Amino acid sequence: MSRVPLCILSSFQPPEVLHGHSPDLFVQIGSLTKTLTATVLTALADRAVLALDDPLESFLPTPGDTGITLRHLAEHTSGLPRLPAGIRGRDPYAEFDGQALDSVVRHLDTLVTAPAGTTEEYSNLGYVLLGAALVAATGRPYEELLHSYILDPLGITDVAAVPPHDRRLCRRGLFGRPRRPWTMTGAILPAGGLWATPRATARLVTALLVDRALGEPAPAWQKAGRLLWHNGATRDASVFAGAAPQGWILVHRLTGDSAATDKLALDRLRTLVQP
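Because the structure is a prediction, the values reported are computed rather than measured.

## Observations concerning the overall build of the chain
Then, in step 1: When you go through the chain residue by residue, the secondary structure sums to eight helices and nine strands.
Then, in step 2: Over its C-alpha atoms the chain spans a radius of gyration of 18 Å, differing by no more than 12% from the 19 Å that the globule rule assigns to 275 residues.
Then, in step 3: In terms of overall dimensions, the chain has C-alpha extents of about 55 × 45 × 35 Å along its principal axes.
Then, in step 4: Per-residue burial over the chain gives 50% buried out of 275 residues.
Then, in step 5: The contacts in the chain between residues at least 6 apart in sequence include a share of 67% that link residues at least 24 apart.
Then, in step 6: Carbon and sulfur atoms provide 51% of the accessible area of the chain, an area that totals close to 12600 Å².

If you want it as structure tokens, here you go:
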């Protein structure tokens, strides 16, 4: 049996921490970042800073009228592909900086694969643009928005784009050395670049999905019946977070095998919530 570092936090049982994982060290949470980006969006909409149906071109210099709104970006119905061309290599997002994003924005009409609002296609690019639009709408950095509208109101601190090196937990290579994680501090950050401790992530899940401390869950959360969930993965980390009326669960593993992480979480959920 594989000894992949594993951390499971839930409302059903005591924490399960195996093979060198830790609930109090920072780990990459990948696309679970999107749920926070979308929560900032709804917070700004609640304060009338912007509206969910504002067109993207109100904030970014896109060519012509794309028909794409902030809601389309948040709900993955923008008609944009998963990623723009050129995202490749061992550190695929390292060169996807502000200049690269600007080039994408100015040629966005060439990337659209379907009219906005007609199809659903999961898009990291959509959340890159959503994050950039939120920054443009407020004139404030992305992390500052996270703190102002989510982390500070909830009293949560252990979430960051660049956590302290001595508090990072990374997968180890063949000779026991920590593997270098993907660089995700550039334009990709709002789509999947955050780090957080599992304990802080669990607090976010319960605050956003169970207690509804900031209002109704943001449109990034996926639905399966009464289960609200989202997952995330990088090369060496994967996470699943979900909540149903019966309880909630967070599973984080130091492996990019997100399918196995999802299955473990869902199997555990089914076992634990059944009467």
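Having seen the model, we can carry on.
## Some points on the sheet that holds strand β3 (residues 27–28)
Then, in step 1: Pairing is antiparallel across the open sheet formed by three strands, whose spatial order is β3-β5-β4. Two strands bound the open sheet, and with one partner strand each, they are β3 and β4 (159–160).
Then, in step 2: With two bridges joining them, β4 and strand β5 (residues 195–196) adopt antiparallel strand pairing. Following the sheet pairing, V159 is matched in β5 by A196.

## Some points on the nonpolar core
Then, in step 1: Core analysis: the biggest nonpolar cluster contains 66 residues, and L129, I150, V159 and L194 have the highest contact counts within it.
Then, in step 2: Ranked by residues supplied to this core, first place goes to helix α4 (residues 124–138) with eight residues.
Then, in step 3: With residues near it in sequence (within four places) discarded, L129 still touches L56, L60, L73, L80, L101, V105 and L108.
Then, in step 4: Judged by nonpolar contacts, the second largest core, of eight residues, contains I8, L227, F240 and A265.

## Digging into the packing of helix α1 (residues 33–46) against α4
Then, in step 1: For the pair α1 and α4, interaxial distance at closest approach is 10 Å and the crossing angle is 40°. When the axes of α1 and α4 are compared, the pair comes out oblique. Crossing handedness for the pair α1 and α4: left-handed. Here K34, T37, A38, V40, L41 and L44 of α1 lie close against α4, whose contacting residues are N124, Y127, L130, G131, L134 and T138.
Then, in step 2: Class assignment for the residues of the contact of α1 with α4 results in seven nonpolar, four polar and one charged.

## A closer look at the pairing of strand β1 (residues 6–10)
Then, in step 1: Of all five residues making up β1, five are buried, and the element is well covered by its neighbours.
Then, in step 2: Of the two faces of β1, the one lined by L6, I8 and S10 and the one lined by C7 and L9 are each fully buried.
Then, in step 3: Pairing between β1 and strand β2 (residues 16–18): three bridges, direction antiparallel. The partner of C7 across the bridge, within β2, is V17.
Then, in step 4: What sits between β1 and β2 in their antiparallel hairpin is a turn of five residues.
Then, in step 5: Sheet topology note: the β1/strand β9 (residues 247–253) ladder contains five bridges and is antiparallel. Note that in β9 the partner of C7 across the bridge is H252.

## Focus: the environment of R167
Then, in step 1: Inspection of the secondary structure assignment puts R167 in the loop between β4 and α6 (189–192).
Then, in step 2: Sequence separation of R167 and V27 is 140 residues, and the distance between their C-alpha atoms is 8.9 Å.
Then, in step 3: Beyond its immediate chain neighbours, meaning those up to four positions away, R167 contacts D24, L25, F26, D158 and T197.
Then, in step 4: In this structure the side chain of R167 is engaged in a polar contact, spanning 2.8 Å, whose partner is the backbone oxygen of D24.

## Some details on the pairing of β9
On a regular strand, one side chain projects to one face of the sheet and the next to the other, so that they alternate.
Then, in step 1: Where burial is concerned, most of β9 is hidden: seven out of the seven residues are buried.
Then, in step 2: Neither face of β9 is exposed, since G247, I249, V251 and R253 on one face and W248, L250 and H252 on the opposite face are all buried.
Then, in step 3: Pairing analysis gives seven bridges linking strand β8 (residues 238–244) to β9, with the strands arranged antiparallel. Within β9, the position partnered with S238 by the bridge is R253.
Then, in step 4: Count of turn residues in the β8/β9 antiparallel hairpin: two residues.

Analysis parameters
Residues numbered from 1 in each chain as written. Predicted model: local features only at pLDDT ≥ 70, side-chain atom pairs only at ≥ 80, totals over all residues. Heavy atoms only, no water. Helix = DSSP H or I, 4+ residues; strand = E, 2+ residues; numbered from the N terminus. Rg over C-alpha atoms; globule rule 2.2 N^0.38 Å. Buried < 20%, exposed > 50% of the residue type's maximum accessible area, 1.4 Å probe, protein only. Contact = heavy atoms within 4.5 Å. Areas by Shrake-Rupley, 256 points an atom, 1.4 Å probe, with all protein chains shown as cover. Pairing = 2+ DSSP bridges. Core = buried A, V, L, I, M, F, W, Y, C linked by side-chain atoms within 4.5 Å. Axes fitted to C-alpha atoms, helices over the stretch in contact; angles between N-to-C directions. Parallel < 35°, antiparallel > 145°, perpendicular 65-115°, else oblique. Left-handed = near helix turned anticlockwise from the far one by under 90°. Nonpolar A, V, L, I, M, F, W, Y, C, P; charged D, E, K, R; others polar. Polar contact = N/O pair within 3.5 Å; in protein donor to acceptor, adjacent residues only side chain to side chain.

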